[in-house]
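Residue-level structural notes
Okay, here's what each chain looks like letter by letter:
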Amino acid sequence: MTARKLAESFIHLGLGASAEAQPPFSGMDWYEAYGERHGDDGPEGRLVSQHSFAESWPSWEMHPKGSEVVICTHGEMVLTQEFPDGSRKQVALAAGEYAINPPGVWHIADVEEQATAIFITAGEGTQHRPR
């Protein structure tokens, strides 16, 4: 076993309670290869990742097939969730706090200074739209 940095090498939580370290994160194309590696796990597969942000997200995202847990580990961020009926809810997160993005709920994060978060995502079918 080798120690790894979550920000560089994400984890796939798969069927049968398995956990598998992933190749180093290399940008947005990485997600397509991840889907090819673990797509057979369907909506039960989960990606555990860590990202740091110095500015607000440029686009919304939505995970249609499962919930996403967002755990703020450093700084502060405000998640905005947009529900299928068009209503919106904001959740302010500080270090040590978490929120859950339900399936089918569009979400975006606003960051004033810096924030780091761990994401546990059911990513199959993830969609994006402009801010």
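Below: a short report on this structure. (Residues numbered from 1 in each chain as written. Predicted model: local features only at pLDDT ≥ 70, side-chain atom pairs only at ≥ 80, totals over all residues. Heavy atoms only, no water.)

Section: the nonpolar core
Stated formally: We call a set of buried Ala, Val, Leu, Ile, Met, Phe, Trp, Tyr and Cys residues a nonpolar core when their side-chain atoms join them within 4.5 Å. Each residue's exposure class comes from its accessible area (1.4 Å probe, protein chains only) as a fraction of the maximum for that residue type: buried when under 20%, exposed when over 50%, partly exposed otherwise. Secondary structure follows DSSP: runs of H or I at least 4 residues long count as helices, runs of E at least 2 residues long count as strands, and numbering of each begins at the N terminus. What makes two residues a contact is simply this: any of their non-hydrogen atoms within 4.5 Å.
By size, the foremost hydrophobic cluster in this structure holds 18 residues, and its most contacted members are Trp57, Val70, Met77, Leu79, Leu93 and Phe119. Elements that contribute at least two residues to this core include exactly β4 (59–62), β5 (68–82), β6 (88–94), β8 (106–110) and β9 (115–121). Here this core gets 4 residues from one element, more than from any other, and that element is β5. Among all residues touching Trp57, those that are not within four sequence positions of it are His107, Ile108, Ala109, Phe119 and Arg131.

Brief notes about the packing of aromatic side chains
Put simply, the rule is: In this scheme Phe, Tyr and Trp rings, the latter by its six-membered ring, pair at centre separations within 6.5 Å, and the angle between planes marks the pair as stacked below 30 degrees, edge-to-face above 60, and tilted otherwise.
Applying the stated rule across the entire model yields 9 aromatic pairs. Where Phe10 meets Trp30, the ring centres are 5.2 Å apart and the plane angle is 80 degrees; that geometry is what we call edge-to-face. Of this pair, Phe10 sits in the segment before β1 (11–14) while Trp30 sits in helix α1 (residues 29–38), and the two are 20 residues apart along the sequence. Using a relative accessible area of 4% as the deciding quantity, one classes Trp30 as buried. Judged by centre distance (6.2 Å) and plane angle (90 degrees), the ring pair of Phe53 and Phe119 falls under edge-to-face. Residue Phe53 is found in strand β3 (residues 46–53), and its partner Phe119 is found in strand β9; the two are separated by 66 residues along the sequence. Across this residue pair, the class does not change: Phe53 and Phe119 are buried. Here the aromatic cluster, defined as three or more aromatic residues joined through ring pairs, consists of Phe10, Phe25, Trp30, Tyr31 and Tyr34.

Description of the environment of Ala19
Within the secondary structure, Ala19 sits in strand β2 (residues 18–21). Distance in space between the C-alpha atoms of Ala19 and Met62 is 24 Å, their sequence separation being 43 residues. When neighbours within four sequence positions are excluded, Ala19 is seen to be in contact with Ile11, His12 and Leu13.

Observations regarding the pattern of salt bridges
As a working rule, side chains carrying opposite charge can pair if their charged atoms are close by. Note the threshold: Salt bridge criterion: a side-chain nitrogen from Lys or Arg within 4 Å of a carboxyl oxygen from Asp or Glu.
Following the criterion strictly, the structure yields 4 salt bridges and no others. Here Glu82 and Arg129 are joined by a salt bridge, their closest N and O atoms 2.9 Å apart. Of this pair, Glu82 sits in strand β5 while Arg129 sits in strand β10 (residues 127–130), placing them 47 residues apart in sequence. Accessibility expressed as a relative area gives 13% for Glu82, which makes it buried. In this structure, Asp110 and Arg131 form a salt bridge, with 2.4 Å as the shortest nitrogen-oxygen distance. A residue pair is termed long-range when its members are at least 10 positions apart, and Asp110 in strand β8 and Arg131 in the segment after β10 qualify at 21 residues. In the salt-bridge network here, residues are joined through shared partners; they are Glu82, Arg88 and Arg129.

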